[in-house]
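Topology and contacts: notes
As a plain string of letters, each chain reads:
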Amino acid sequence: MRRPHPAGRALEAVTPLIEKLTALEANALQGRSLSVVALAAELAATCAAVAREAMALILEQAARAQPASVACACGGEASSQGFESTSFVGRFGRVSVSRRRMACAYCDTSGFPFDQAWGLPAGEYADDVREATERLSCRLGSFEEAVAELQYLWRVAPDASTAKRWVAQDGARADAVVQAEADTRWKAYETQAFAAARGDQRGPTRTAGFGVVEVDGVHALTWKPGHEPRRKTEPAAAATTASAAPAATSETGERATRHQAPSALSDVTGSPMGPQGRSCRVRGREICMGLTYLGEDACEESPGRGVLLHRRYCATLNDRDGFWRKLHAAATVQGVLQREKLVRVSDAGTYFVDQTTELFCDQPLIGILDLQHGRQHVWEAGHKVVRDPKKTPAWVTPRTQAIWDGKVDDVIGDRAAERKRRRGSAQREAIDGLSGYLERHKHMMDYPRYREAGYPIASAAIESANKRLVGRRCKQGGMIWSEPGLEAMVALRVAFYNRDTWRRLWPHSAPSAAV
């Protein structure tokens, strides 16, 4: 029968550290110099070895102290069937431990209660290694880079295929956590709204200020279903020659993956698949992006450059219905729906405008057209109306200034006179198109009033979110994703930047300074 060692056994792990410190001090007293970098490396390696040994000793003491019989969930008694060994890889390396297998004769089950009590991983790696791998996979350019960086930092890392599998699993888990919270908050909102409509309770009390909701879409390339990349067999000689060169890493971290032959490519120009056009196996998918924040959290970091102190993101690739509940939940958590005004900044896309108008139909919603999109339409019309590029600014500047000053009706009213001066059909079509655009959206272009109230008049925040959450990781040169892989990565990055969601996935993780 194994019994715990006397108290203080775990202190034996410190012996190598004491010996190392004694040796380093002796060298210093004898005048033997050592660079601070080399000194730090020796101390770090020794501390890691000490921590690994200390973990093994503490777990051994705990396993030996485990009683020989425990109560079973069925109401019976589970008794010890002896010790069995296992091992796992944590941040300090591989640790082995022997613990009791407990078996219950009443329900005929057996297991290791010690594993659950001490959080031993079911697989080979502990959760701290898994969390660190996913954290780096979210922020670096590829899975290979993440694994290599973790290996450099901790001297412990899984392979790239394991990292991909973890991201796929925990990305789905992150999305499920966010969706479950959104459904719960939506049910609470419906209950409260119905009660207020019946007169059973008063509506929510609103606080001074305004909240902001911004929605946009960002595209990323994905393989069409059934057209994922596959390896092609090569002659032995060619394979031997190719093996001598470094293996090329694709955007998904796959090695030596080839696309279809050029003859199978389409005639689409301007494609990332090369000068011959985009492959018929690839398509662009739109990711719905949502951002919520309070007005007082938008600060000016420097002239012309702002920063959001606190914000909340949501995103989805396929579940459009679920996205709007996520957005509503994000606005609720951020406190946006408790403010006197709700500001929506958008590029006036019909889908996003209609959906947000319906979603926040009971809110004091103020819709604002992104100023830059309005100016862009004026410039596009100017290039068609004025054929001399040098004279285009002279035509555009007064109109963009009028829009800035809130005189949109003046720009629209100039349509008739401008049509008389222009004879070309393309010119008149451009004038009519600009006038129609301004007529449809002039109710969202009262910019002097918006500036006076302190409302945002540009969608720079959501554009920055597109780059931060999707562009940096999912739209690098030549990247093409499988749809499940893209959705998992986006969900994990959203969880990472919504720090409370990341801590719900990994309760052991410290608060991260996301940048």
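Given the structure is predicted, the values throughout are model-derived calculations rather than measurements.

**Let's talk about helix H17 (residues 483–497)**
With 15 residues, H17 extends 21 Å from end C-alpha to end C-alpha; this agrees with the ideal 21 Å at 1.5 Å per step. Along H17, the residues classified as buried are Glu483, Leu486, Ala488, Met489, Val490, Ala491, Leu492, Arg493, Val494, Ala495, Phe496 and Tyr497. In this structure Ser482 caps H17, since a side-chain oxygen of it lies 3.2 Å from the backbone nitrogen of Gly485.

**Things to note about the environment of Leu337**
Looking at where Leu337 falls in the secondary structure, it is placed in the loop between helix H8 (320–334) and strand S10 (339–346). When the C-alpha positions of Leu337 and Val212 are compared, they lie 9.2 Å apart, and in sequence the two are 125 residues distant. Residues in contact with Leu337, not counting those within four places in the same chain, are Arg206, His328, Ala331, Thr332, Leu342, Phe360 and Gln363.

**Brief notes about a nonpolar patch on the surface**
Judged by side-chain polarity, Leu11, Val14 and Ile18 come together as a nonpolar surface patch covering roughly 280 Å² of accessible area. Mapped onto the elements of the fold, Leu11 is located in the segment before helix H1 (15–29). For Leu11, a relative accessible area of 63% gives the class exposed.

**Some words on the pattern of salt bridges**
Inspection of the entire model under this criterion finds 30 salt bridges. Residue Arg64 is joined to Glu60 by a salt bridge in which the shortest nitrogen-to-oxygen separation is 3.3 Å. With a gap of four residues between them, Arg64 and Glu60 both fall in helix H2 (residues 36–65), about one helical turn apart. With a relative accessible area of 19%, Arg64 lands in the buried category.

**Things to note about the packing of helix H6 (residues 160–198) against H17**
Relative orientation and spacing of two packed helices are given, respectively, by the angle between their axes and the distance between those axes. Look at H6 against H17: their axes get within 8 Å of each other, and the N-to-C directions meet at 60°. In terms of orientation, H6 lies oblique with respect to H17. Viewed along their axes, H6 and H17 form a crossing whose handedness is left-handed. Every residue of H17 that contacts H6 at Val167, Ala168, Asp170, Gly171, Ala174 and Asp175 is listed here: Ala488, Met489, Ala491, Leu492 and Ala495.

**Quick look at the layout of surface pockets**
Here the largest pocket defines a volume of roughly 1000 Å³. If you go around the largest pocket, you meet 31 residues; those closest to its centre are Arg305, Gly306, Val307, Ala460 and Ala461. Mapped by element, the contributors of at least two residues to the lining of the largest pocket are strand S5 (207–223), strand S6 (282–294), strand S7 (298–302), strand S8 (305–308) and helix H16 (460–474). At seven residues, the largest contribution of residues to the lining of the largest pocket is made by H16. Residues belonging to the lining of the largest pocket are distributed by class as follows: 17 nonpolar, six polar and eight charged. Taken as a whole, the second largest pocket holds about 380 Å³ of empty space. Ala44, Ala45, Leu153, Trp154 and Arg155 are the residues nearest the centre of the second largest pocket, which is lined by 16 residues in total.

**Some remarks on the side chain of Arg99**
Position of Arg99 relative to the elements: it lies in strand S3 (residues 93–104). A distance of 2.8 Å separates the side chain of Arg99 from the side chain of Asp115, its partner in a polar contact.

**Remarks on the sheet that holds strand S2 (residues 77–90)**
The strand order S1-S2-S3-S4 describes an open sheet built from four strands, whose pairing is antiparallel. The sheet is open, and its two edges are formed by strand S1 (69–71) and strand S4 (109–111), each paired on a single side. The mean inter-strand angle of the sheet, taken between neighbouring strand axes irrespective of direction, is 40°. Running over the sheet, H2 touches S2 and S3 and is turned about 10° from S3.

**A short note on the packing of aromatic side chains**
Counted according to the given criterion, the structure contains twelve aromatic pairs. Seen from their ring centres, Phe114 and Trp118 are 5.9 Å apart, and the 25° between their planes marks the pair as stacked. Highlighted residues: Phe114 and Trp118, both in helix H3 (residues 113–118), separated by four residues, approximately one helical turn. Linked through ring pairs, Tyr313, Phe496, Tyr497 and Trp502 together constitute an aromatic cluster. The cationic tip of Arg99 hangs over the ring face of Phe112; the distance from NZ or CZ to the ring centre is 3.8 Å. One Lys or Arg, Arg155, reaches over the ring of Tyr152 and ends 5.9 Å from the middle of that ring.

**Observations concerning the nonpolar core**
Formed by 77 residues in total, the largest nonpolar core has its most connected members in Ile287, Met289, Leu438 and Tyr447. Here Met289 is in contact with Glu214, Val215, Asp216, Val218, Cys314, Ala315, Phe323, Ile462, Ala465, Asn466, Leu469 and Val470, once residues within four sequence places are set aside. Residues Cys314, Trp324, Leu337 and Leu342 belong to the second largest nonpolar core, which totals 17 residues.

**Notes on the packing of helix H4 (residues 127–139) against H17**
Across the interface, H4 lies against H17 with an axial gap of 10 Å and an inter-helix angle of 105°. Relative to H17, H4 is oriented roughly perpendicular. Residue-level contacts link Glu134, Arg135, Ser137, Cys138 and Arg139 of H4 to Met489, Leu492, Arg493 and Phe496 of H17. Among the residues making up the contact of H4 with H17, the classes are represented as four nonpolar, one polar and four charged.

**Let's talk about the sheet that holds S5**
In spatial order, the strands read S9-S6-S5-S10-S11; together these five strands make up an open sheet with mixed pairing. With one partner strand each, in any of the chains shown, strand S9 (312–316) and strand S11 (365–369) form the two edges of the open sheet. Going across the sheet, the axis of each strand differs from the next one's by a mean of 25°, ignoring polarity. Direction of pairing for S5 relative to S10: parallel, over a ladder of six bridges. Opposite Gly211, over in S10, you have Leu342 as the bridge partner.

What counts and how
Residues numbered from 1 in each chain as written. Predicted model: local features only at pLDDT ≥ 70, side-chain atom pairs only at ≥ 80, totals over all residues. Heavy atoms only, no water. Helix = DSSP H or I, 4+ residues; strand = E, 2+ residues; numbered from the N terminus. Expected span 1.5 Å × (residues − 1). Buried < 20%, exposed > 50% of the residue type's maximum accessible area, 1.4 Å probe, protein only. Polar contact = N/O pair within 3.5 Å; in protein donor to acceptor, adjacent residues only side chain to side chain. Contact = heavy atoms within 4.5 Å. Patch = residues over 30% accessible without salt bridge, like charges linked within 9 Å, V, L, I, M, F, W, Y side chains within 5 Å. Areas by Shrake-Rupley, 256 points an atom, 1.4 Å probe, with all protein chains shown as cover. Salt bridge = Lys/Arg side-chain N within 4 Å of Asp/Glu carboxyl O. Axes fitted to C-alpha atoms, helices over the stretch in contact; angles between N-to-C directions. Parallel < 35°, antiparallel > 145°, perpendicular 65-115°, else oblique. Left-handed = near helix turned anticlockwise from the far one by under 90°. 1 Å grid on protein atoms, 1.4 Å probe; cavity = no way out; pocket = protein on both sides within 12 Å on 5 of 7 lines; lining within 4 Å. Points joined across faces, edges and corners; volume = space filled by probe spheres on them. Nonpolar A, V, L, I, M, F, W, Y, C, P; charged D, E, K, R; others polar. Pairing = 2+ DSSP bridges. Phe/Tyr/Trp six-rings, centres within 6.5 Å; stacked < 30°, edge-to-face > 60°. Lys NZ or Arg CZ within 6 Å of the ring centre and 35° of its normal. Core = buried A, V, L, I, M, F, W, Y, C linked by side-chain atoms within 4.5 Å.

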